[in-house]
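Descriptive analysis of the structure
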Amino acid sequence: MPYVDDATIGDEERLLRRVRQGWIIPDHNRGRWRPSKAAFQNSEDGSPMSVHLAAVLEVAGLPLTAALAGHEGYGLVSLKAGLVRALGQIVVRDPLPTDPAHGLVVGNKTESRRKQMMEASEWVTPQDRPLPPEKA
Amino acid sequence: MADETCLNSFDTLPSGFDSGALSDFQVPESSPHPWTYSLSSRTAPRWLNNVLKEIDALRHLERNWDSYGAPRVNRQTLLEAANLLGELARPRTPAPSVVPTSDGAVQLEWHTRGIDLEVRWASPTIVHVCLEDLSGVLAPIDDDLRYDFLPLKAALRELTSRG
């Protein structure tokens, strides 16, 4: 079934994406921790990239970090829906019985698009520990 | 060593590891860790064994390791990544971050010394390279490399030289 962009999800709405610990990497060029581009990809089986809709969590009175339930040690980033639409993606709601805030970002994610998603993403879970020294 | 040497096929890891593919290394017969090598300090960075262990550890990731349904990491791409890193890294080369990807591949990333370099093994013979030199010395790359790794070698050489 083809996906249709959900206009009820405004461009300013935040889409949340979990970032496993191994995808949080030091960026000595910019002096910060960054999510790897690897965090912004569709599933291998072709299913679209899963996200959580921040607005749904907020309406339910839940903190944004509710998206991390059961995923100890993960980080959480947010992306604006308008940003991913500008990258040719479709944003849809995909509520699950146990996860009503679940959504999908549908579309081909080229290296360039994933890079732009990475650069535009913002940490919801602060990554304020110091960067490790460069090993050489 | 010619680039082709790094593209040997391996059916298994690491018992089938072809130590001849890594001329700088001596693989101990009874190594406690499959990818632990005796390294020459003249040719290899101090971090290499630890990074090889990180790469090796990705073999043990179970399906859904990313919480979004990722498959297990392709073992042959891990070996190719280890081989190429072992061949190209030099004592002053900075250590990369080792990143598994949702499609079962592995990626090495450097974000240091003014260079952003990402190398992803999409398959044992196709390496995707993204290079951005913030100082503009190196031309940007966003391309699949097949067998000809000269652009990657040049990027790592420049990265190493800035140490």
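In the block above lies the structure referred to throughout.
Below or above, wherever it landed, is the structure these notes cover. (Residues numbered from 1 in each chain as written. Chains lettered and ligands numbered in written order. Predicted model: local features only at pLDDT ≥ 70, side-chain atom pairs only at ≥ 80, totals over all residues. Heavy atoms only, no water.)

**Remarks on the overall build of chain B**
- Across its full length, chain B holds three helices and five strands.
- Per-residue burial for chain B yields a buried fraction of 56% across its 163 residues.
- In chain B, 45% of the contacts between residues at least 6 apart in sequence involve partners at least 24 apart.
- Accessible area for chain B stands at about 7000 Å²; split by element, carbon and sulfur atoms hold 47% of it. (Helix = DSSP H or I, 4+ residues; strand = E, 2+ residues; numbered from the N terminus. Buried < 20%, exposed > 50% of the residue type's maximum accessible area, 1.4 Å probe, protein only. Contact = heavy atoms within 4.5 Å. Areas by Shrake-Rupley, 256 points an atom, 1.4 Å probe, with all protein chains shown as cover.)

**A closer look at the overall build of chain A**
- Looking only at helices and strands, one finds three helices and eight strands in chain A.
- Relative to its length of 136 residues, chain A is compact, with a C-alpha radius of gyration of 15 Å against a globular reference of 14 Å.
- Principal-axis analysis of the C-alpha atoms gives chain A an extent of 50 × 35 × 30 Å.
- Scored against the burial criterion, the 136 residues of chain A give a buried share of 47%.
- When contacts within chain A are restricted to residue pairs at least 6 apart in sequence, long-range pairs at least 24 apart make up 75% of them.
- Surface accessibility of chain A: about 6500 Å² in total, with carbon and sulfur atoms responsible for 55%. (Rg over C-alpha atoms; globule rule 2.2 N^0.38 Å.)

**Quick look at empty space enclosed by the protein**
All names here are of chain B.
- Throughout the structure, instances matching the rule amount to two cavities of 30 Å³ or more.
- One number sums up the size of the largest cavity: a volume of about 60 Å³.
- Lining the largest cavity are Leu-84, Leu-85, Leu-88, Leu-108, Trp-110, Val-119, Trp-121, Leu-152 and Leu-156.
- Residue assignment for the lining of the largest cavity shows that the elements contributing at least two residues are helix 2 (75-88), strand 2 (106-112), strand 3 (115-123) and helix 3 (150-161). (1 Å grid on protein atoms, 1.4 Å probe; cavity = no way out; pocket = protein on both sides within 12 Å on 5 of 7 lines; lining within 4 Å. Points joined across faces, edges and corners; volume = space filled by probe spheres on them.)

**Thoughts on the pattern of salt bridges**
- For the coordinates displayed, the defined rule picks out 21 salt bridges over all chains.
- Here Arg-93 of chain A and Asp-6 of chain A are joined by a salt bridge, their closest N and O atoms 3.2 Å apart. Taken together, the residues Arg-93 of chain A in strand 6 (residues 90-93) and Asp-6 of chain A in the segment before strand 1 (14-19) connect sequence positions 87 residues apart.
- When the shortest N-O distance is used, the salt bridge between Asp-116 of chain B and Arg-34 of chain A registers 3.9 Å. (Salt bridge = Lys/Arg side-chain N within 4 Å of Asp/Glu carboxyl O.)

**A word on unusual backbone geometry**
Residues and elements named next belong to chain B.
- We note that Asn-64 has phi near 70°; this positive angle belongs to a residue other than glycine.
- Here Asn-64 shows up in the loop between helix 1 (48-57) and helix 2.
- The phi dihedral of Ser-67 falls on the positive side, at around 75°, and the residue is not glycine.
- One can find Ser-67 in the loop between helix 1 and helix 2.

**Remarks on the sheet that holds strand 5 (residues 75-80) of chain A**
- Pairing within the open sheet is antiparallel, and its six strands lie in the order 6-7-4-1-5-8 (chain A). Edge strands, defined here as strands with exactly one partner in the open sheet, are strand 6 and strand 8 (122-123) of chain A. (Pairing = 2+ DSSP bridges.)

**Brief notes about the packing of helix 2 of chain B against helix 3 of chain B**
Residue and element names in this part refer to chain B.
- With their axes 11 Å apart at the nearest point, helix 2 and helix 3 run at an angle of 50° to one another. Judged by the inter-axis angle, helix 2 sits oblique to helix 3. Remark: the crossing between helix 2 and helix 3 carries right-handed chirality. Mapping the contact onto sequence places Leu-84, Glu-87 and Leu-88 in helix 2 and Leu-152, Lys-153 and Leu-156 in helix 3. (Axes fitted to C-alpha atoms, helices over the stretch in contact; angles between N-to-C directions. Parallel < 35°, antiparallel > 145°, perpendicular 65-115°, else oblique. Left-handed = near helix turned anticlockwise from the far one by under 90°.)

**Remarks on the environment of Ala-38 of chain A**
- Tracing the sequence through the fold places Ala-38 of chain A in the loop between strand 3 (32-35) and strand 4 (49-53).
- The spacing of Ala-38 of chain A and Pro-2 of chain A is 36 residues in sequence and 25 Å in space, taken between C-alpha atoms.
- When near neighbours in sequence (up to four residues on either side) are disregarded, Ala-38 of chain A contacts Trp-23 and Arg-114 of chain A together with Val-99, Pro-100, Thr-101 and Ser-102 of chain B.

**Comments concerning helix 2 of chain B**
Residue and element names in this part refer to chain B.
- For helix 2, spanning 14 residues, the distance from its first C-alpha to its last is 20 Å, which sits close to the expected 20 Å at 1.5 Å a residue.
- Counted residue by residue, helix 2 has 12 buried out of 14 residues, so it is predominantly covered.
- Of all the positions in helix 2, only Thr-77, Leu-78, Leu-79, Glu-80, Ala-81, Ala-82, Asn-83, Leu-84, Leu-85, Gly-86, Glu-87 and Leu-88 are classed as buried.
- Turning to helix 2, the residues buried within the fold contact helix 1, strand 2, strand 3 and helix 3.
- Capping of helix 2 at its N-terminal end is provided by Asn-74; its side-chain oxygen lies 2.8 Å from the backbone amide nitrogen of Gln-76. (Expected span 1.5 Å × (residues − 1). Polar contact = N/O pair within 3.5 Å; in protein donor to acceptor, adjacent residues only side chain to side chain.)

**Points about the layout of surface pockets**
- The volume enclosed by the largest pocket comes to roughly 480 Å³.
- Lining the largest pocket we find 26 residues, and of these Pro-26, Pro-132 and Lys-135 of chain A together with Pro-96 and Ser-97 of chain B sit closest to its centre.
- Listed by contribution, the elements that provide at least two residues to the lining of the largest pocket are strand 2 (24-27) of chain A together with helix 1, strand 1 (97-100) and strand 2 of chain B.
- When residues in the lining of the largest pocket are grouped by element, the largest group, four residues, is from strand 2 of chain B.
- Looking at the lining of the largest pocket residue by residue, the class counts come to 14 nonpolar, seven polar and five charged. (Nonpolar A, V, L, I, M, F, W, Y, C, P; charged D, E, K, R; others polar.)

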